[in-house]
Amino acid sequence: QVQLVESGGGEVQAGGSLRLSCVVSGSIASIADMGWYRQAPGQRRELVATVSGAGYTNYADSVKGRFTISRDSGARKVLLQMNRLKPEDSADYYCRAFVRPSDSSSTYPYWGQGTQVTVSS
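Colleague: Got a sec to walk through the pattern of salt bridges? Specific residues and values, please.
Modeller: Evaluated as defined, the whole model comprises 5 salt bridges. Here aspartate 61 makes a salt bridge to lysine 64, at a shortest N to O gap of 3.1 Å. In this structure, aspartate 89 and arginine 66 form a salt bridge, with 2.7 Å as the shortest nitrogen-oxygen distance. Of the two residues, aspartate 89 is situated in the loop between strand E8 (77–82) and strand E9 (91–101) and arginine 66 in the loop between strand E6 (57–59) and strand E7 (67–72); the sequence distance between them amounts to 23 residues. With respect to class, aspartate 89 is no different from arginine 66; both count as buried. If you follow the salt bridges from partner to partner, you end up with Arg38, Glu46, Arg66 and Asp89 in one network.

Dropping the structure here:
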């Protein structure tokens with residue numbers, strides 16, 4: 001059973017940093033695209049950053065230069081280093097990965113449970 005487990009959320013003052021981690025577990029054959037999304041109260045879920053299996057990264061304009069996404073495929077982990085945080089970064093952050101289970105020939109999107117980030121001024 002494929003699961004994504006996130007950690008690292010919390011409360012921080014503006015200008016501070018947090019590091020989010022997401023680990024994929026289960027019987028899997030491969031992991032393709034991985035990424036982070038966030039959802040603030042009353043808002044739709046939006047892209048934060050993604051990294052492909054080939055290592056290509058993509059960032060929302062609002063986080064470019066402040067956030068860095070990285071992955072360790074061997075450890076089935078994706079990280080999001082968040083620096084110079086702003087109050088508008090406050091949201092629930094969700095990890096997403098496209099995973100091919102060991103007993104499947106297709107890949108499917110899986111989501112983590114979410115971790116809360118609160119940035120105060």
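Colleague: Explain the packing of aromatic side chains residue by residue, including any values.
Modeller: Considering all chains together, one arrives at 1 aromatic pair under this definition. Lying across the ring of tyrosine 94, arginine 45 places its NZ or CZ 3.8 Å from the centre. Over the face of the ring belonging to tryptophan 111 we find arginine 45, whose NZ or CZ atom lies 4.7 Å from the ring centre.

Colleague: Could you give an account of the state of the cysteines, naming the residues involved and the relevant values?
Modeller: By the definition in use, this model includes 1 disulfide. Disulfide pairing places cysteine 22 opposite cysteine 95 at an S-S distance of 2.2 Å. Here cysteine 22 and cysteine 95 share a disulfide; its torsion about the S-S bond, -80°, makes the bridge left-handed. Here cysteine 22 is found in strand E3 (residues 18–25), whereas its partner cysteine 95 is found in strand E9, with 73 residues between them in sequence. Residue class for cysteine 22 comes out buried when judged on its relative accessible area of 0%.

Colleague: Tell me about the environment of arginine 19, and please be specific about residues and values.
Modeller: Following the sequence through the fold, arginine 19 ends up in strand E3. Take arginine 19: its relative accessible area is 53%, and that puts it in the exposed class. Expressed as a C-alpha distance, the spacing of arginine 19 and threonine 107, which sit 88 residues apart in the sequence, is 27 Å. Among residues more than four places away in sequence, those in contact with arginine 19 are Ser7, Gly8, Leu79, Leu80 and Gln81.

Colleague: Explain the sheet that holds strand E1 (residues 3–7) residue by residue, including any values.
Modeller: The antiparallel open sheet is built from 4 strands, whose spatial order is E1-E3-E8-E7. The outermost strands of the open sheet, each flanked by one partner alone, are E1 and E7. Across this sheet, the average inter-strand angle for adjacent strands is 15°, counted without regard to direction. Where E3 meets E8, 6 bridges bridge the pair, whose relative direction is antiparallel. Following the sheet pairing, arginine 19 is matched in E8 by glutamine 81.

Thresholds applied
Residues numbered from 1 in each chain as written. Predicted model: local features only at pLDDT ≥ 70, side-chain atom pairs only at ≥ 80, totals over all residues. Heavy atoms only, no water. Salt bridge = Lys/Arg side-chain N within 4 Å of Asp/Glu carboxyl O. Helix = DSSP H or I, 4+ residues; strand = E, 2+ residues; numbered from the N terminus. Buried < 20%, exposed > 50% of the residue type's maximum accessible area, 1.4 Å probe, protein only. Phe/Tyr/Trp six-rings, centres within 6.5 Å; stacked < 30°, edge-to-face > 60°. Lys NZ or Arg CZ within 6 Å of the ring centre and 35° of its normal. Disulfide = S-S within 2.5 Å. Contact = heavy atoms within 4.5 Å. Pairing = 2+ DSSP bridges. Axes fitted to C-alpha atoms, helices over the stretch in contact; angles between N-to-C directions.

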